[in-house]
Amino acid sequence: MDLTVKIAGLTFKNPVLLASGTWGFGEKLKNYLDLSSLGGLVTKGISLKPREGNPPPRIAETPCGLINAIGLENPGVEIFKKHVLPPILAWKTHVLVNIFGETIDEFLAVAEALKDEPISGLELNVSCPNVAKGGLAFGHDPATVKALVEELRKTYPGFLVVKLPPVGPVLEVARTVLEAGADALTVANTYPALAVDLTNRRLALGRGTGGLSGPAIKPLTLKLVYDLYRELKAPIFGCGGITSGRDVLEYIFCGAKAVQVGTATLLDPENPGKILAEIEQELEKLGETRLENLFAGLFKSKH
Ligand SMILES: Cc1cc2nc3c(=O)[nH]c(=O)nc-3n(C[C@H](O)[C@H](O)[C@H](O)COP(=O)(O)O)c2cc1C
């Protein structure tokens, strides 16, 4: 069955990528999953300097998902390049490096450091606070995110994806980053959330608030994908609460070209492989032989 997907000059062997921050750097996952069988891998967020992340607890479970406040812990781009990236690049699939910074210059420096690496592209996490704007996330401020992508485009000609926050002026930000030169959008990051530890009369997470992911967010992010595709007709990686092959097809039906699987991988490292196998089974049930036939089908139906 033909599951290939083309996005801005890249051909993905299938539409299932692993989402940033939810598969470590693959060292444990490889015992459960052939990472080369996937459409691609998006690395954990990488910054210019190493970051320790937030104090524990960093995860709170909810009935249909989890709230995390990891705090973007990572070894920094130089150690990442030397020790972490080489084994990831050994997998025969696309590798997108997710990067972030607290200033535009920091983003540019990380991109510059990665410029000569044989990666497939960069994913910008713009859900992080912009120090120059008093902590307002880049992705909530169309003017700053526009400047960021325009500056990056002056030196980085490769595949560039912007990962949007799911709240704020999402449509305006999405339109702006595409006009500034981004190739695709990842829709979306986690939703602002909190959990309470009533026994100890405090917030459950060390940092206070966090981001909600998992099945609870699927209908919300599905709507975002639908809204953004309807308005922009741009290439979208759908990302939010995917746990089955059917979920993947729903995202594709709503206008996503491909998807990223996050929390489901944390729940069971075999899940991405199962999801991939289910896509073929579900397509068969629907009487389809090509994934492409389902793409944006919702816009061709009566609704
Ligand atoms: C533990 C954890 C760590 C994450 N780390 C990152 C990160 O470093 N950069 C990023 O852009 N998104 C990060 N995310 C967000 C996920 O990549 C994904 O966008 C989100 O969890 C929604 O997808 P899901 O419901 O399939 O998990 C993280 C999510 C979780 C649960």
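Note that the structure is predicted; figures quoted are calculated from it, not measured.

Cut-offs and rules
- Each residue is numbered by its place in its chain's sequence as written, counting from 1.
- Two thresholds apply to this predicted model, a pLDDT of at least 70 for residue-level local features and 80 or more for giving and counting side-chain atom pairs, whereas whole-chain, interface and lining totals are computed over all residues.
- The basis for every side-chain value is the complete set of non-hydrogen atoms in the structure, without hydrogens or water.
- One speaks of a salt bridge when a side-chain nitrogen belonging to Lys or Arg is within 4 Å of a carboxyl oxygen belonging to Asp or Glu.
- Each residue gets one of three labels from its accessible area relative to the maximum for its type: buried under 20%, exposed over 50%, partly exposed in between, using a 1.4 Å probe on protein chains only.
- Starting at the N terminus, helices and strands are each numbered in turn, a helix being any DSSP run of H or I of at least four residues and a strand any DSSP run of E of at least two.
- A patch is a set of surface residues, each over 30% in relative accessible area and not in a salt bridge, joined within 9 Å for like charges and within 5 Å for the nonpolar side chains Val, Leu, Ile, Met, Phe, Trp and Tyr.
- Computed by Shrake-Rupley with a 1.4 Å probe, the accessible areas treat only the displayed protein chains as cover when residues are assessed.
- N or O atoms within 3.5 Å of each other form a polar contact, as long as, within protein, one can give a hydrogen and the other can take it, and as long as residues adjacent in sequence are counted only when both atoms are side-chain atoms.
- Throughout this document, a residue counts as near a molecule or strand when at least one of its heavy atoms sits within 4 Å of that molecule or strand.
- Classification used: nonpolar for Ala, Val, Leu, Ile, Met, Phe, Trp, Tyr, Cys and Pro, charged for Asp, Glu, Lys and Arg, polar for all others including Gly.
- UniProt positions are given in the numbering used here, feature names are shortened, and annotations may be inferred rather than shown by experiment.
- Every residue pair with non-hydrogen atoms within 4.5 Å of one another is taken to be in contact.
- Multiplying one less than the number of residues by 1.5 Å gives the expected span of a helix.

1. Details of the pattern of salt bridges
This model, assessed by the stated rule, comprises 19 salt bridges. Between Asp141 and Lys133 there is a salt bridge, with its nearest N and O atoms 3.4 Å apart. Judged by its relative accessible area of 11%, Asp141 falls in the buried class. A salt bridge links Lys218 to Glu250; the nearest nitrogen and oxygen atoms lie 2.8 Å apart. With Lys218 in helix α5 (residues 218-232) and Glu250 in helix α6 (residues 245-253), this pair connects stretches of sequence that are 32 residues apart. For Lys218, a relative accessible area of 13% gives the class buried.

2. Concerning a nonpolar patch on the surface
A surface patch of nonpolar side chains, about 400 Å² in accessible area, is lined by Leu194, Val196, Leu198 and Leu203. Among the secondary structure elements, Val196 is positioned in strand β12 (residues 196-197).

3. Concerning the environment of Asp141
Mapped onto the elements of the fold, Asp141 is located in the loop between β8 (121-125) and α3 (142-155). Separated by 52 residues in sequence, Asp141 and Ala193 place their C-alpha atoms 20 Å apart. A distance of 2.2 Å separates polar atoms of two side chains, one belonging to Asp141 and the other to Thr144.

4. Focus on the site of the ligand
Near the ligand there are 23 residues, and of these Ser20, Lys163, Gly214, Gly241 and Thr263 occur at the shortest range. A distance of 2.7 Å is found between an oxygen atom of the ligand and a backbone nitrogen or oxygen belonging to Ser20. Measuring from an oxygen atom of the ligand, one finds a side-chain N or O atom of Asn98 at 3.0 Å. Within the complex, 95% of the 600 Å² of free accessible area of the ligand lies under protein. Per-class residue counts for the shell around the ligand are seven nonpolar, 15 polar and one charged.

5. Some remarks on the UniProt feature "binding site: FMN" (unreviewed entry) in the protein
The feature "binding site: FMN" (unreviewed entry), as annotated in UniProt, sits at Ser20, Lys44, Gly45, Asn98, Asn125, Lys163, Gly214, Gly240, Gly241, Gly262 and Thr263 in this numbering. Topologically, Gly240 is positioned in the loop between β15 (236-238) and α6. You can call Gly240 buried: its relative accessible area is 5%. Locating Gly262 in the fold gives a position in the loop between β16 (258-261) and α7 (263-267). Look past the residues within four positions of Gly262 in its chain and what remains in contact with it is Ala19 and Thr22.

6. Here's the deal with α5
Counted at 1.5 Å a residue, the expected span for α5 with its 15 residues is 21 Å, and the 21 Å between its end C-alpha atoms agrees. Looking only at α5, the buried set comprises Lys218, Thr221, Leu222, Leu224, Val225, Asp227, Leu228, Tyr229 and Leu232. Structurally, α5 contributes buried residues whose contacts are with β9 (159-164), α4 (170-179), β10 (184-187), β11 (191-194), β15 and α6. At the exit of α5 stands Lys233, carrying a positive phi of roughly 50 degrees.

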